[in-house]
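For reference, the chains in residue letters:
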Amino acid sequence: MQNPSGHQTGKAEKQLLDMLHERLRKIEGDAQTKAGEIELIKQKIRELLPSVDTGKALPYKKTLSGRIQVLHLNYTRSQTDEPIETEIDYLKFFARTVAELGLRLEILTNGKSRQDIEEELAKDEYEALEYTITESQFPVWKWAEDSVEYLENGRVAIPYQFNDKLLEWAMTEGRRHRWQGKIDQENLEEALREDHLWIPLGIRVNASKMGWELECAASTAEQDVAHIRAYIEGGNMITGEDATGKPVIVVGKDAIAATAYIYQLNDNDVRRIICEDFGLESIEQVICIEQPGQFHLDMGMLFIGNGVVIVNDSSAMLKDAIEMAEIVPCLTTQKMAAKLKLQYQLEEEATKDLKAAGIEVRREKLEQDVLYNFFNGEFVEGKDGFNYYITNGGPQEHEERFKTLMVKEWKVVKKVIFSPKEATHKSLQERGGVGCRIKGTNK
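These numbers come from a predicted model, not from an experiment.

Caption draft 1: A look at the nonpolar core. The biggest cluster of nonpolar side chains holds 70 residues, and the ones touching the most others in it are Leu71, Leu105, Leu129, Ile262 and Val380. Sorting elements by how many residues they give to this core places helix α3 (residues 85–101) first, with 9 residues. Setting aside anything within four residues of it in sequence, one finds Leu71 in contact with Val98, Leu103, Arg104, Leu105, Glu106, Glu378, Val380, Ile390, Ile438, Lys439 and Gly440. Counting 22 residues, the second-largest nonpolar core is a separate cluster that includes Ala226, Val251, Val270 and Leu280.

Right, here's the structure in full:
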């Protein structure tokens, strides 16, 4: 599965990849094109797959066994270089939480943004806080989870950069193939065309160019930089373990399909690539699941460890939406019912995929649009040796129910720590929460 030339994908290889795909799309629909010519182009595309440079090490686990004690946070001002109240509120929240639990905070920032951090953390309440600040020469993206994987061997792994249109096409075509029959064809075509109004494509890292900026920052800090060859954004991959303790990586099928199309491979080939990159013994340890009604796995499922995953259950909301569409039939109610039907169907598919891989699945309603999302968070180990879960705040009754599940029923953590509600609401409106803003390691 490696590029025989042994070099990594650079600008020239990227341009060649784009040219080959452009040629392939032009001739595949031409009845007079010979199959041999098409296969030759596909073979040239496959030869552009880069070689492994990760050292074949696992990313830090997002389950309890990850024993996370360091949180990586990106802090940035607005595009006009003005402090943003929501970002300041999250800086305060993470600093207080890290200090309380005896963890360490690693902050990446740039330009005048550093002033905000230094002014805030100079306050007496953060006297016990252990932190470092790294300043980038380039703009910083606030979603720290998605653009990098910290590997257990100390390397920093980032996704390769692709042509935006090629990546969008590849991921959309994967959905078109997988989602047939989930909803009527007219709504399906709308969901594929207007993904931002249905289920957004997980391609923001590629569009942000943050991978390249992180590579520059890591190189400046003299860290070993590696690359993830499959197009995987951090929130769409969760590293954990099965019931026997064997490492597994759960990956959303958007990432699998997009990578397969880009390099003209099949799904198992992509699983082998992921195995090679992260040092897994078998492709069965790479569990490919349908997007659970969300663009990233960490917005619709929670891996609590030891082969147990919680998947969202939107069945009650779907039932209510169908009833509303029957009582008040109009475009708005019918569209809402169609959207919830697609979400529910995808949650069901994700559940089947997990169960087929031997994972125990429990269903709970733990998210509702911008109102709350408890799937999105980070497990950490405090200085007292106990486990904690940091997640998004929400309505009091929902917080209390989730705490009961996590602390008393599932006995997963000692305490659940919720982010400030107002900041959470604004963050979820931007399709990201606590788990998107921080990335955990244990050293």
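Caption draft 2: Looking closely at the sheet that holds strand β11 (residues 308–312). Taken in spatial order, the 3 strands line up as β10-β11-β12 in an open sheet, and their pairing is mixed. Each edge of the open sheet carries a strand with a single partner, namely β10 (301–305) and β12 (360–364). Between one strand axis and the next, the sheet turns through 25° on average, direction left out of account. Pairing analysis gives 5 bridges linking β11 to β12, with the strands arranged parallel. Its bridge partner being in β12, Val311 is matched across the sheet by Arg363.

Caption draft 3: Structural context of the sheet that holds strand β7 (residues 237–241). If you walk across this open sheet you meet the 3 strands as β7-β8-β9, and the pairing is mixed. What marks the edges here is a single partner per strand, and that holds for β7 and β9 (286–289). Strand-to-strand twist across the sheet, computed as the mean angle between neighbouring axes with direction ignored, equals 25°. Relative to β9, strand β8 (residues 247–252) runs parallel, the two sharing 4 bridges. Across the sheet, Ile249 pairs through a bridge with Val286, a residue of β9. With respect to the sheet, helix α9 (residues 253–263) is in contact with β8 and β9, its orientation differing from that of β8 by roughly 75°. Seen against the sheet, helix α12 (residues 331–356) touches β8 and β9 and runs at an angle of roughly 160° to β9.

Caption draft 4: Structural context of the packing of helix α1 (residues 11–28) against helix α2 (residues 35–46). Where α1 meets α2, the axes come as close as 10 Å, and the angle between the chain directions of the two elements is 160°. One element, α1, and the other, α2, form an angle in the roughly antiparallel class. Relative to α2, α1 is oriented so that their crossing is left-handed. In this structure, α1 contributes Leu17, Leu20, His21, Arg23, Leu24, Ile27 and Glu28 to the contact, and α2 contributes Glu37, Ile38, Ile41, Lys42, Lys44 and Ile45.

Caption draft 5: Quick peek at the state of the cysteines. Enumeration over the complete set of coordinates arrives at 0 disulfides. Among the cysteines around Cys275, which has no disulfide bond, Cys288 carries the closest sulfur, lying 9.4 Å off.

Caption draft 6: Representation of the environment of Leu20 in the model. With respect to the helices, strands and loops of the structure, Leu20 is situated in helix α1. Considered as a pair, Leu20 and Leu214 are 194 residues apart in the sequence and their alpha carbons are 28 Å apart. Those residues in contact with Leu20 that sit more than four places away from it in its chain are Ile41, Lys44, Ile45 and Leu48.

Caption draft 7: Inspection of the pattern of salt bridges at higher detail. Throughout the structure, instances matching the rule amount to 43 salt bridges. Its salt-bridge partner being Glu135, residue Arg114 comes within 3.4 Å of it at the nearest N-O pair. Of this pair, Arg114 sits in helix α4 (residues 113–121) while Glu135 sits in strand β3 (residues 130–136), and the two are 21 residues apart along the sequence. Its relative accessible area of 42% is what places Glu135 among the partly exposed residues. Residues joined in a network through salt bridges with shared partners are Lys62, Glu145, Glu149, Glu378 and Lys439.

Reading guide: rules and limits
- Residues numbered from 1 in each chain as written.
- Predicted model: local features only at pLDDT ≥ 70, side-chain atom pairs only at ≥ 80, totals over all residues.
- Heavy atoms only, no water.
- Core = buried A, V, L, I, M, F, W, Y, C linked by side-chain atoms within 4.5 Å.
- Buried < 20%, exposed > 50% of the residue type's maximum accessible area, 1.4 Å probe, protein only.
- Helix = DSSP H or I, 4+ residues; strand = E, 2+ residues; numbered from the N terminus.
- Contact = heavy atoms within 4.5 Å.
- Pairing = 2+ DSSP bridges.
- Axes fitted to C-alpha atoms, helices over the stretch in contact; angles between N-to-C directions.
- Parallel < 35°, antiparallel > 145°, perpendicular 65-115°, else oblique.
- Left-handed = near helix turned anticlockwise from the far one by under 90°.
- Disulfide = S-S within 2.5 Å.
- Salt bridge = Lys/Arg side-chain N within 4 Å of Asp/Glu carboxyl O.

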